[in-house]
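For reference, the chains in residue letters:
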Protein chains: 2
Amino acid sequence: MSEFVTALTEVVGAEHVLTGERISEDFGHDEALSMLSEPPAVVVRPVSSAEVSEVLRIATAWDVPVTARGSGTGLSGAAIPEPAGLVISFERMSRVLEIDVDNHVAVVQPGVTLTELDEAASAHRLTYPVYPGEQSSSVGGNMATNAGGMRAVRYGVTRHQVLGLEAVLPTGEVIRLGGKLAKASSGYDLAQLIIGSEGTLAVVTEATLRLSPQLPHQATVLAPFRTVEEVARAVPPVLASGLAPLILEYIDEFMMAAITQSQQLDLGISAEIKDSAKAYLLVMLEGSCTERLEEDTGRLCTLLTELGAVDMYVLPGSAARRLLEAREKAFWAAKAAGADDSVDVVVPRASVPEYLRISAEIAQRYDSPVLGCGHAGDGNVHFAVFQPDDLVRSALLRELFEAGMKLGGLISGEHGIGKAKRRYFLELTDPNTVALMRRIKQSFDPHGILNPGVLLDRPE
Amino acid sequence: MSEFVTALTEVVGAEHVLTGERISEDFGHDEALSMLSEPPAVVVRPVSSAEVSEVLRIATAWDVPVTARGSGTGLSGAAIPEPAGLVISFERMSRVLEIDVDNHVAVVQPGVTLTELDEAASAHRLTYPVYPGEQSSSVGGNMATNAGGMRAVRYGVTRHQVLGLEAVLPTGEVIRLGGKLAKASSGYDLAQLIIGSEGTLAVVTEATLRLSPQLPHQATVLAPFRTVEEVARAVPPVLASGLAPLILEYIDEFMMAAITQSQQLDLGISAEIKDSAKAYLLVMLEGSCTERLEEDTGRLCTLLTELGAVDMYVLPGSAARRLLEAREKAFWAAKAAGADDSVDVVVPRASVPEYLRISAEIAQRYDSPVLGCGHAGDGNVHFAVFQPDDLVRSALLRELFEAGMKLGGLISGEHGIGKAKRRYFLELTDPNTVALMRRIKQSFDPHGILNPGVLLDRPE
């Protein structure tokens with residue numbers, strides 16, 4: 001091991017090779033609730049793709065498993081290193097390299113946070129619209145899990161924003177894919193394959209991202225409904241209306257109580273409405289002109305009333321901001337309330353009512369609270385699961401995943417599989433598809449050094 | 001061979017196995033101008049994925065190269081079979097299986113044409129927005145090349161519409177990927193990898209496509225400019241305006257003359273303007289309400305005037321439709337005028353002026369007319385190349401591709417590489433990237449039976 005460390009030191013310098021007590025506790029985990037921390041043996045902080053390439057060649061030569069790490073805010077354990085593993089940390093590769101105003105493009109390093117990118121884009125009245133609710137997350141991490149978030153219903157998920165990237169293969173080759181290009185048909189789209197691969201195929205060292213014009217005005221409507229199913233049923237008509245909401249979320253009564261309490265947020269909802277409302281629909285519209293936005297908000301309110309909303313709150317800017325911040329922190333509210341795990345099954349959006357009904361039955365059968373909110377416009381249901389017993393919870397999760405898949409869904413809409421859900425993924429996915437994924441993994445990573453145990457089993 | 005035919009006959013029935021004179025001349029080519037026809041030895045017309053699977057198993061056993069064929073409207077020779085090859089034709093797998101109104105999704109078989117899909121979606125006031133200008137093209141063919149077209153500037157290209165697919169691997173396994181899902185993070189996105197792979201990885205037998213709400217009103221503005229570069233420079237400000245054009249095309253003076261003459265279209269442009277205009281910008285806006293659309297059209301006209309348009313024509317519906325039809329047929333106009341090849345280099349959209357300038361220099365140096373139009377909003381330049389000598393034209397094309405790549409572009413934005421541009425692609429692409437593509441090809445198609453010679457070299 002000490003020769004391994006020496007080799008790394010020659011590449012990145014002693015200051016940027018961490019071992020022993022210099023490795024902070026953070027490097028051992030991400031935010032997956034159910035996973036144990038696993039400290040790496042070594043952390044390196046390279047400053048360029050050339051250094052990343054050298055580091056990967058050394059790791060290959062020493063057969064050391066490698067985990068690339070952004071901000072460590074993932075929820076499925078994909079950033080938890082292997083025992084005796086190496087972590088590549090992108091603290092020193094976290095710059096916005098360029099905001100290209102004419103092409104509406106940002107070129108960034110993987111360690112940049114969404115907050116930093118948003119600041120840089122805003123200066124040119126542009127926006128990077130991915131909004132996974134954790135603005136300290138890194139673009140590299142977002143690419144690894146194909147992060148989505150509240151604005152995906154309008155702007156799409158991470159994969160729709162990535163136009164090009166530079167990546168280092170585990171064997172050290174640096175490749176550049178795509179570019180500042182709106183489209184391409186020039187060979188296999190390897191960039192799209194790397195996105196969502198959770199650090200198992202290549203290490204991304206630069207990304208070219210689509211930016212969108214910033215629309216200056218927003219309006220937020222909160223509509224309580226009598227049942228969760230009524231909320232979910234309201235979604236298709238809202239999307240068919242052409243109002244093109246920026247945000248379209250549902251929040252169940254428990255999650256609403258949890259997030260408003262934890263943020264001490266009073267939305268002026270009467271006790272009577274609170275009692276009758278089992279769930280809320282949160283809709284945000286955006287526009288470039290206030291008159292049109294007001295008109296659209298009126299249309300939206302009329303539509304929601306027709307769809308059964310028991311009341312309607314057009315939230316002023318400050319309340320809207322605070323509610324959104326609270327919604328962003330739903331995960332933390334759930335964690336503070338003692339949630340044992342979180343899941344984010346995705347189903348066809350019209351199947352959300354049925355999925356919520358089935359999930360409630362499963363939860364009741366296991367005597368385990370399963371509470372949530374979610375990206376209603378995308379069919380992406382987020383549950384906080386309360387069940388401390390590992391075996392019971394595992395059986396419960398398996399049923400939740402199976403139920404989603406029976407409705408044509410998948411295990412995760414945006415959190416990824418990681419290490420936390422690998423077992424379910426491998427058990428529930430068609431073996432021919434898994435076998436093909438293994439062959440693809442092999443074609444990128446013949447020695448199996450990149451994030452073994454994430455998504456697929458460790459090599460034997 | 002006769003035993004091979006017998007085996008196929010047992011799967012699809014004698015009526016649907018064509019040999020000898022029963023094979024129409026069409027099966028030997030697509031619309032690539034520079035390629036020779038190559039009749040296949042056998043054509044099969046399966047009716048289900050189960051039949052496709054059996055056919056592929058037989059082809060693997062007999063080591064016969066297989067080319068999947070939709071409508072045969074491709075422009076790069078990806079549907080030209082190999083000598084003694086087998087063509088799988090999707091004439092009998094060409095149905096719209098479902099329009100799912102609540103999920104805004106269509107489920108279709110690969111042989112369905114865009115015209116048929118559009119009809120089925122329109123009945124529910126939904127639209128499949130990919131509009132490559134050849135509405136008789138099939139969805140399967142569109143997926144193979146990741147087709148784009150005029151509306152991509154607003155709605156994205158084929159890959160952005162495909163939410164899920166069923167595909168048969170060359171070794172016969174049927175896999176289902178994605179679904180009626182707005183997003184997913186559950187393993188490698190193999191559907192995105194298959195899209196744009198030009199029939200070399202798998203045979204798609206069903207697709208789940210995103211539909212969008214149909215906006216009922218359109219307005220079309222044609223703006224002549226003094227130079228092609230002025231037109232190209234007007235594009236970023238139009239996109240930054242937030243007007244979100246449905247169509248944003250440039251047409252050079254020669255192409256404008258060719259398409260208006262071939263369609264006998266009089267747009268009322270004065271001789272004086274025609275003389276001073278070297279290029280035209282064609283912009284279409286769409287909306288759900290006429291008042292807003294009129295207001296937006298006014299804003300657009302003001303903006304275009306500021307950007308240097310020498311005149312402005314807000315085209316009435318019938319003239320707009322006819323001009324768009326003529327623009328769609330630009331390829332046919334070029335073919336009728338004797339064009340020897342067509343290219344569709346994609347560059348960062350802000351680099352279009354520079355690319356047009358460099359291309360004009362190259363064309364002049366080769367004494368070969370290179371005329372065009374293109375998807376200005378996407379940086380996708382379409383040229384008709386007039387140079388009958390194969391060797392000279394080949395050198396000219398290589399320079400055009402190299403020049404585009406030097407500006408950060410790629411050889412093709414939407415036509416694909418196929419057989420026609422394989423040589424340039426392999427010569428000009430980073431060898432590490434090509435090697436990775438070969439390994440991926442191997443992981444799908446270990447015997448190399450799917451479209452050998454397309455994109456990558458034939459196995460040795």
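In this text the structure is predicted, and so the values were computed from the model without any measurement.

**Topic: the overall build of chain A**
So, step 1. If you tally the helices and strands in chain A, you get 17 helices and 18 strands.
So, step 2. Considered along the principal axes of its C-alpha atoms, chain A spans approximately 70 × 55 × 40 Å.
So, step 3. Within chain A, the proportion of its 460 residues that are buried is 62%.
So, step 4. Long-range pairs, those at least 24 residues apart, make up 75% of the contacts in chain A between residues at least 6 apart in sequence.
So, step 5. Total accessible area on chain A stands at roughly 16,700 Å², and carbon and sulfur atoms take up 50% of it.
So, step 6. Averaging the positions of the 39 positive and the 60 negative side-chain charges in chain A gives two centres separated by 3 Å.

**Focus: the interface of chain A and chain B**
So, step 1. Listed by partner, the interface residues are 71 residues for chain A and 71 residues for chain B.
So, step 2. Where chain A abuts chain B, roughly 6,000 Å² becomes buried across the two surfaces, and 57% of that area is made up of carbon and sulfur atoms.
So, step 3. Run the count over chain A and chain B and you get 10 salt bridges.
So, step 4. With its nearest N and O atoms 2.8 Å apart, the salt bridge here joins Arg 292 of chain A to Asp 296 of chain B.
So, step 5. Residue contributions to the side of chain A that touches chain B peak at 9 residues, all from helix 17 (residues 431–444) of chain A.
So, step 6. Broken down by class, the residue content of the side of chain A that touches chain B amounts to 30 nonpolar, 26 polar and 15 charged.

**Quick look at the relation of the copies chain A and chain B**
What connects the two chain copies is a rotation about an axis and a shift along it.
So, step 1. Turning chain A through 180° and shifting it by 0.0 Å along the axis lays it on chain B, with an RMSD of 0.0 Å. What the rotation and shift describe, once combined, is the action of a two-fold rotation axis.

**Side note on the sheet that holds strand 13 (residues 247–252) of chain A**
Residue and element names in this part refer to chain A.
So, step 1. With antiparallel pairing, the 7 strands of this open sheet are ordered in space as 15-12-14-13-17-18-16. Both edges of this open sheet fall to strand 15 (313–315) and strand 16 (341–343), since each of them pairs with a single strand only. Sheet twist, expressed as the mean angle between neighbouring strand axes with direction ignored, is 20°.
So, step 2. Taken together, the 6 bridges between strand 17 (residues 370–375) and strand 18 (residues 380–385) define a ladder with antiparallel strand orientation.

**Examining the pairing of strand 12 (residues 217–225) of chain A**
All names here are of chain A.
So, step 1. Of all 9 residues in strand 12, 7 are buried; the element is thus mostly enclosed.
So, step 2. Inspection of the sheet shows strand 12 paired to strand 14 (residues 279–287) by 9 bridges, in the antiparallel sense. Counted as the bridge partner of Val 221 is Val 283 from strand 14.
So, step 3. Strand direction decides the pairing type here: strand 12 and strand 15, joined by 3 bridges, are antiparallel. Of the residues in strand 15, the one forming a bridge with Val 221 is Val 314.

**Digging into the UniProt feature "domain: FAD-binding PCMH-type" (unreviewed entry) in chain A**
So, step 1. Residues annotated in UniProt with the feature "domain: FAD-binding PCMH-type" (unreviewed entry) correspond here to residues 35–214 of chain A.
So, step 2. Along residues 35–214 of chain A the backbone is 24% helical and 24% strand, and the end-to-end C-alpha distance reaches 38 Å.

**Regarding the pairing of strand 6 (residues 105–108) of chain B**
All names here are of chain B.
So, step 1. Where burial is concerned, the two faces of strand 6 agree: the one with Val 105 and Val 107 and the one with Ala 106 and Val 108 are both buried.
So, step 2. Bridge count between strand 5 (residues 96–100) and strand 6: 4 bridges; the pairing is antiparallel. Considered in strand 6, the bridge of Asp 100 is made with Val 105.
So, step 3. Remark: 4 residues form the turn of the hairpin made by strand 5 and strand 6, two consecutive strands paired antiparallel; His 104 in that turn has positive phi of roughly 55°.
So, step 4. Bridge count between strand 6 and strand 10 (residues 203–210): 4 bridges; the pairing is antiparallel. Bridge pairing in strand 10 places Val 108 opposite Ala 207.

**Let's talk about the side chain of Ser 185 of chain A**
So, step 1. With respect to the helices and strands, Ser 185 of chain A occurs in the loop between strand 9 (174–178) and helix 7 (190–194).
So, step 2. Residue class for Ser 185 of chain A comes out buried when judged on its relative accessible area of 2%.
So, step 3. There is a polar contact of 3.4 Å between the side chain of Ser 185 of chain A and the backbone nitrogen of Gly 416 of chain B.
So, step 4. Setting aside chain neighbours within four positions, we find Ser 185 of chain A in contact with Thr 145, Ser 412, Gly 413, Glu 414, His 415, Gly 416 and Ile 417 of chain B.

**A short note on the environment of Leu 450 of chain A**
Residue and element names in this part refer to chain A.
So, step 1. Inspection of the secondary structure assignment puts Leu 450 in the segment after helix 17.
So, step 2. Here Leu 450 falls in the buried class, since its relative accessible area comes to 1%.
So, step 3. Sequence separation of Leu 450 and Thr 200 is 250 residues, and the distance between their C-alpha atoms is 4.9 Å.
So, step 4. Ignoring anything within four residues of it in the chain, the contact list for Leu 450 reads Leu 56, Val 66, Pro 170, Gly 199, Thr 200, Leu 201, Ala 202, Val 203, Lys 441 and Asp 445.

**Overview of the sheet that holds strand 4 (residues 86–89) of chain A**
Residues and elements named next belong to chain A.
So, step 1. In space, the 4 strands of this open sheet follow the order 1-2-4-3, with mixed pairing throughout. Two strands close off the open sheet at either side, each with one partner strand: strand 1 (17–19) and strand 3 (66–69). Direction aside, the axes of adjacent strands within the sheet are offset by 25° on average.
So, step 2. Note that strand 1 and strand 2 (residues 42–44) share 3 bridges and pair antiparallel. Bridging from a neighbouring strand, Val 17 pairs with Val 44 of strand 2.
So, step 3. Against the sheet, helix 2 (residues 49–62) engages strand 2, strand 3 and strand 4, with an angle of about 175° to strand 4.

**Thoughts on the packing of aromatic side chains**
So, step 1. By the definition in use, this model includes 8 aromatic pairs over all chains.
So, step 2. On the numbers, 5.1 Å between centres and 75° between planes, the contact of Phe 331 of chain B with Trp 332 of chain B is edge-to-face.
So, step 3. Judged by its relative accessible area of 34%, Trp 332 of chain B is partly exposed.
So, step 4. Positioned above the aromatic ring of Tyr 424 of chain A is the side chain of Arg 423 of chain A, whose terminal nitrogen or guanidinium carbon lies 5.0 Å from the ring centre.
So, step 5. Here the guanidinium or amino end of Arg 151 of chain B rests over the ring plane of Tyr 131 of chain B, the centre of that ring lying 3.9 Å away.

**Quick notes on the side chain of His 29 of chain B**
So, step 1. In this fold, His 29 of chain B is placed in the loop between strand 1 (17–19) and strand 2 (42–44).
So, step 2. If sequence neighbours within four positions are ignored, His 29 of chain B has contacts with Ser 37, Arg 69, Gly 72 and Ile 80 of chain B.

**Observations regarding the environment of Met 93 of chain B**
So, step 1. Relative to the helices and strands, Met 93 of chain B is located in the loop between strand 4 (86–89) and strand 5.
So, step 2. Those residues within four positions of Met 93 of chain B in sequence are excluded, and the remaining contacts are Pro 46, Val 47, Ser 48, Ser 49, Val 52, Gln 109, Pro 110, Gly 111, Val 112 and Thr 205 of chain B.

**Focus: the packing of helix 14 (residues 352–365) of chain A against helix 15 (residues 390–406) of chain A**
Residue and element names in this part refer to chain A.
So, step 1. Between helix 14 and helix 15, the shortest axis-to-axis distance is 10 Å and the interhelical angle comes to 160°. Accordingly, the angle class assigned to the pair helix 14 and helix 15 is roughly antiparallel. Relative to helix 15, the crossing made by helix 14 is right-handed. Along the contact surface, helix 14 presents Tyr 355, Ile 358, Ser 359, Ile 362, Ala 363 and Arg 365, while helix 15 presents Leu 396, Glu 399, Leu 400, Ala 403 and Gly 404.

**Re helix 8 (residues 228–240) of chain B**
So, step 1. Of the residues making up helix 8 of chain B, those classed as buried are Val 231, Ala 232, Ala 234, Val 235, Pro 236, Val 238 and Leu 239 of chain B.
So, step 2. Just downstream of helix 8 of chain B, Gly 242 of chain B is the residue with a positive phi angle, here 85°.

**Describing helix 17 (residues 431–444) of chain B**
So, step 1. Its 14 residues give helix 17 of chain B an end-to-end C-alpha distance of 20 Å, which sits within 8% of 20 Å, the value for a rise of 1.5 Å per residue.
So, step 2. Those residues of helix 17 of chain B not exposed but buried are Thr 433, Val 434, Leu 436, Met 437, Ile 440, Lys 441, Ser 443 and Phe 444 of chain B.
So, step 3. Where helix 17 of chain B is buried, its residues contact strand 9, helix 7 and helix 17 of chain A together with helix 7 (190–194) and helix 16 (422–428) of chain B.

**Examining the nonpolar core**
So, step 1. If you look at the biggest cluster of nonpolar residues, it comprises 179 residues, and the most contacted ones within it are Leu 165, Leu 304 and Phe 383 of chain A together with Leu 165, Leu 304 and Phe 383 of chain B.
So, step 2. Setting aside residues up to four positions removed in sequence, Leu 304 of chain B forms contacts with Val 221, Ala 223, Phe 225, Val 238, Leu 281, Val 283, Ala 309 and Met 312 of chain B.

Calculation rules
- Residues numbered from 1 in each chain as written.
- Chains lettered and ligands numbered in written order.
- Predicted model: local features only at pLDDT ≥ 70, side-chain atom pairs only at ≥ 80, totals over all residues.
- Heavy atoms only, no water.
- Helix = DSSP H or I, 4+ residues; strand = E, 2+ residues; numbered from the N terminus.
- Buried < 20%, exposed > 50% of the residue type's maximum accessible area, 1.4 Å probe, protein only.
- Contact = heavy atoms within 4.5 Å.
- Areas by Shrake-Rupley, 256 points an atom, 1.4 Å probe, with all protein chains shown as cover.
- Lys, Arg positive; Asp, Glu negative; His and termini not counted.
- Charge placed at Lys NZ, Arg CZ, Asp CG, Glu CD.
- Buried area = accessible area lost by both parts, 1.4 Å probe.
- Salt bridge = Lys/Arg side-chain N within 4 Å of Asp/Glu carboxyl O.
- Nonpolar A, V, L, I, M, F, W, Y, C, P; charged D, E, K, R; others polar.
- Least-squares fit on C-alpha atoms with pLDDT ≥ 70 in both.
- Pairing = 2+ DSSP bridges.
- Axes fitted to C-alpha atoms, helices over the stretch in contact; angles between N-to-C directions.
- UniProt positions renumbered as here; feature names shortened; annotations may be inferred.
- Polar contact = N/O pair within 3.5 Å; in protein donor to acceptor, adjacent residues only side chain to side chain.
- Phe/Tyr/Trp six-rings, centres within 6.5 Å; stacked < 30°, edge-to-face > 60°.
- Lys NZ or Arg CZ within 6 Å of the ring centre and 35° of its normal.
- Parallel < 35°, antiparallel > 145°, perpendicular 65-115°, else oblique.
- Left-handed = near helix turned anticlockwise from the far one by under 90°.
- Expected span 1.5 Å × (residues − 1).
- Core = buried A, V, L, I, M, F, W, Y, C linked by side-chain atoms within 4.5 Å.

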